[in-house]
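Report on the structure
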Amino acid sequence: MANNPLVSLVRTLVPVGVGLVATLGLPITGEEAAALVAAAITAAWYAAARGLEVTGERLGWRWLTLAGGAMLGWARQPDYQPDSDLAAALRRNRVHDGSEVR
(Lines give C-alpha, C1' and ligand atoms only; values in the text may rest on other atoms or scores of the structure.)
Protein backbone atom coordinates (compact mmCIF):
# COMPACT_ATOMS: atom_id res chain seq x y z
CA MET A 1 0.00 0.00 0.00
CA ALA A 2 1.18 3.50 -0.74
CA ASN A 3 2.43 5.88 1.87
CA ASN A 4 -0.52 7.77 3.39
CA PRO A 5 1.03 11.22 2.95
CA LEU A 6 1.51 10.37 -0.73
CA VAL A 7 -2.14 9.33 -1.02
CA SER A 8 -3.21 12.54 0.69
CA LEU A 9 -1.03 14.64 -1.60
CA VAL A 10 -2.35 12.95 -4.75
CA ARG A 11 -5.94 13.37 -3.58
CA THR A 12 -5.28 17.09 -3.08
CA LEU A 13 -3.35 17.80 -6.26
CA VAL A 14 -5.63 15.97 -8.71
CA PRO A 15 -8.60 18.33 -8.12
CA VAL A 16 -6.27 21.31 -8.47
CA GLY A 17 -5.06 19.91 -11.79
CA VAL A 18 -8.63 19.36 -12.93
CA GLY A 19 -9.50 22.95 -12.05
CA LEU A 20 -6.51 24.33 -13.93
CA VAL A 21 -7.04 22.16 -17.02
CA ALA A 22 -10.73 23.04 -17.08
CA THR A 23 -9.90 26.73 -17.40
CA LEU A 24 -7.72 26.20 -20.48
CA GLY A 25 -9.40 27.54 -23.57
CA LEU A 26 -12.06 29.50 -21.67
CA PRO A 27 -12.41 33.07 -22.88
CA ILE A 28 -11.43 34.60 -19.54
CA THR A 29 -9.66 37.92 -19.39
CA GLY A 30 -7.45 38.84 -16.52
CA GLU A 31 -5.29 36.63 -14.35
CA GLU A 32 -7.45 37.19 -11.28
CA ALA A 33 -10.60 36.07 -13.06
CA ALA A 34 -8.85 32.98 -14.37
CA ALA A 35 -7.59 32.16 -10.88
CA LEU A 36 -11.08 32.55 -9.41
CA VAL A 37 -12.63 30.31 -12.06
CA ALA A 38 -9.92 27.68 -11.52
CA ALA A 39 -10.47 27.82 -7.76
CA ALA A 40 -14.25 27.48 -8.19
CA ILE A 41 -13.89 24.49 -10.52
CA THR A 42 -11.38 22.89 -8.15
CA ALA A 43 -13.69 23.37 -5.16
CA ALA A 44 -16.69 22.00 -7.08
CA TRP A 45 -14.72 18.97 -8.27
CA TYR A 46 -13.46 18.22 -4.75
CA ALA A 47 -16.91 18.69 -3.21
CA ALA A 48 -18.50 16.37 -5.79
CA ALA A 49 -15.85 13.69 -5.28
CA ARG A 50 -16.10 13.81 -1.49
CA GLY A 51 -19.89 13.86 -1.75
CA LEU A 52 -19.80 10.64 -3.77
CA GLU A 53 -17.43 9.05 -1.26
CA VAL A 54 -19.57 9.99 1.74
CA THR A 55 -22.81 8.97 0.03
CA GLY A 56 -21.28 5.66 -1.00
CA GLU A 57 -20.14 5.02 2.57
CA ARG A 58 -23.56 5.86 4.02
CA LEU A 59 -25.44 3.68 1.52
CA GLY A 60 -22.89 0.87 1.61
CA TRP A 61 -22.24 1.25 -2.12
CA ARG A 62 -18.53 0.54 -2.39
CA TRP A 63 -18.51 1.30 -6.12
CA LEU A 64 -19.75 4.84 -5.46
CA THR A 65 -17.17 5.37 -2.73
CA LEU A 66 -14.41 4.19 -5.06
CA ALA A 67 -15.71 6.34 -7.92
CA GLY A 68 -15.56 9.44 -5.73
CA GLY A 69 -12.06 8.52 -4.61
CA ALA A 70 -10.97 7.92 -8.19
CA MET A 71 -12.07 11.47 -9.01
CA LEU A 72 -9.44 12.59 -6.50
CA GLY A 73 -6.74 10.50 -8.13
CA TRP A 74 -6.71 7.67 -5.59
CA ALA A 75 -9.71 5.45 -5.05
CA ARG A 76 -9.15 4.90 -1.34
CA GLN A 77 -8.92 7.43 1.44
CA PRO A 78 -5.68 7.64 3.41
CA ASP A 79 -5.65 5.35 6.42
CA TYR A 80 -3.84 7.30 9.10
CA GLN A 81 -2.64 5.30 12.03
CA PRO A 82 -3.29 6.94 15.41
CA ASP A 83 0.32 6.41 16.43
CA SER A 84 2.48 7.49 13.53
CA ASP A 85 6.25 7.19 13.54
CA LEU A 86 6.58 10.95 14.00
CA ALA A 87 4.19 11.00 16.95
CA ALA A 88 6.04 8.12 18.57
CA ALA A 89 9.39 9.83 18.04
CA LEU A 90 8.06 13.05 19.54
CA ARG A 91 6.77 11.21 22.59
CA ARG A 92 10.15 9.54 23.10
CA ASN A 93 11.98 12.82 22.96
CA ARG A 94 11.53 16.25 24.39
CA VAL A 95 10.93 19.31 22.27
CA HIS A 96 13.59 22.03 22.23
CA ASP A 97 12.05 24.10 25.01
CA GLY A 98 12.33 21.19 27.46
CA SER A 99 8.62 20.45 27.78
CA GLU A 100 7.51 16.89 27.21
CA VAL A 101 5.27 16.00 24.26
CA ARG A 102 2.35 13.72 25.15
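Shown above is the structure to which this text applies.
So, how was this worked out
Numbering of residues begins from 1 in every chain and follows the order in which that chain's sequence is written. The model is predicted, so local features are restricted to residues of pLDDT at least 70 and side-chain atom pairs to those at 80 or more, both for listing and for counting; the totals for chains, interfaces and linings are taken over all residues. To get the side-chain values, all heavy atoms of the structure are used, and hydrogens and water are removed first. Only DSSP runs of H or I with at least four residues qualify as helices, and only runs of E with at least two residues qualify as strands; both kinds are numbered from the N terminus onward. The rule is simple: take the accessible area with a 1.4 Å probe, protein chains only, and divide by the maximum for that residue type; under 20% is buried, over 50% is exposed, in between is partly exposed. Whether two residues are in contact is decided by their heavy atoms: any pair within 4.5 Å suffices. Salt bridge, as applied in this entry: a Lys or Arg side-chain nitrogen positioned within 4 Å of an Asp or Glu carboxyl oxygen. Each patch is built from salt-bridge-free residues with over 30% relative accessible area, joining like charges within 9 Å and nonpolar side chains (Val, Leu, Ile, Met, Phe, Trp, Tyr) within 5 Å. Here the open area of atoms and residues is found with the Shrake-Rupley method and a 1.4 Å probe, where only the protein chains shown may cover a residue.

Brief notes about the overall build of the protein chain
A tally of helices and strands in the protein chain yields four helices and zero strands. Along the chain direction, N to C, the helices and strands of the protein chain fall in the order α-α-α-α. Scored against the burial criterion, the 102 residues of the protein chain give a buried share of 17%. A separation of at least 24 residues holds for 45% of the contacts in the protein chain among residues at least 6 apart in sequence.

Brief notes about the pattern of salt bridges
Two side chains with opposite charge may pair up if their charged atoms get near one another. One pass over the full model with this rule turns up two salt bridges. Of the charged contacts, one joins Arg11 and Glu53 as a salt bridge, the two residues approaching to 2.9 Å between their closest N and O atoms. On the criterion of sequence distance, the pair formed by Arg11 in helix H1 (residues 4–23) and Glu53 in helix H2 (residues 31–59) is long-range, its members being 42 residues apart. Take Arg11: its relative accessible area is 7%, and that puts it in the buried class. Since its relative accessible area comes to 0%, Glu53 is described here as buried. A salt bridge links Arg50 to Glu53, with the shortest nitrogen-to-oxygen separation between them at 2.5 Å. Taken as a pair, Arg50 and Glu53 lie in helix H2 at a separation of three residues, close to a single helical turn. A relative accessible area of 25% places Arg50 in the partly exposed class.

Focus on a nonpolar patch on the surface
A contiguous nonpolar surface patch, about 370 Å² in accessible area, is contributed by Leu59, Trp61 and Trp63. By the secondary structure assignment, Trp63 is in helix H3 (residues 62–71). Under the relative-accessibility criterion, Trp63 is labelled exposed at 56%.

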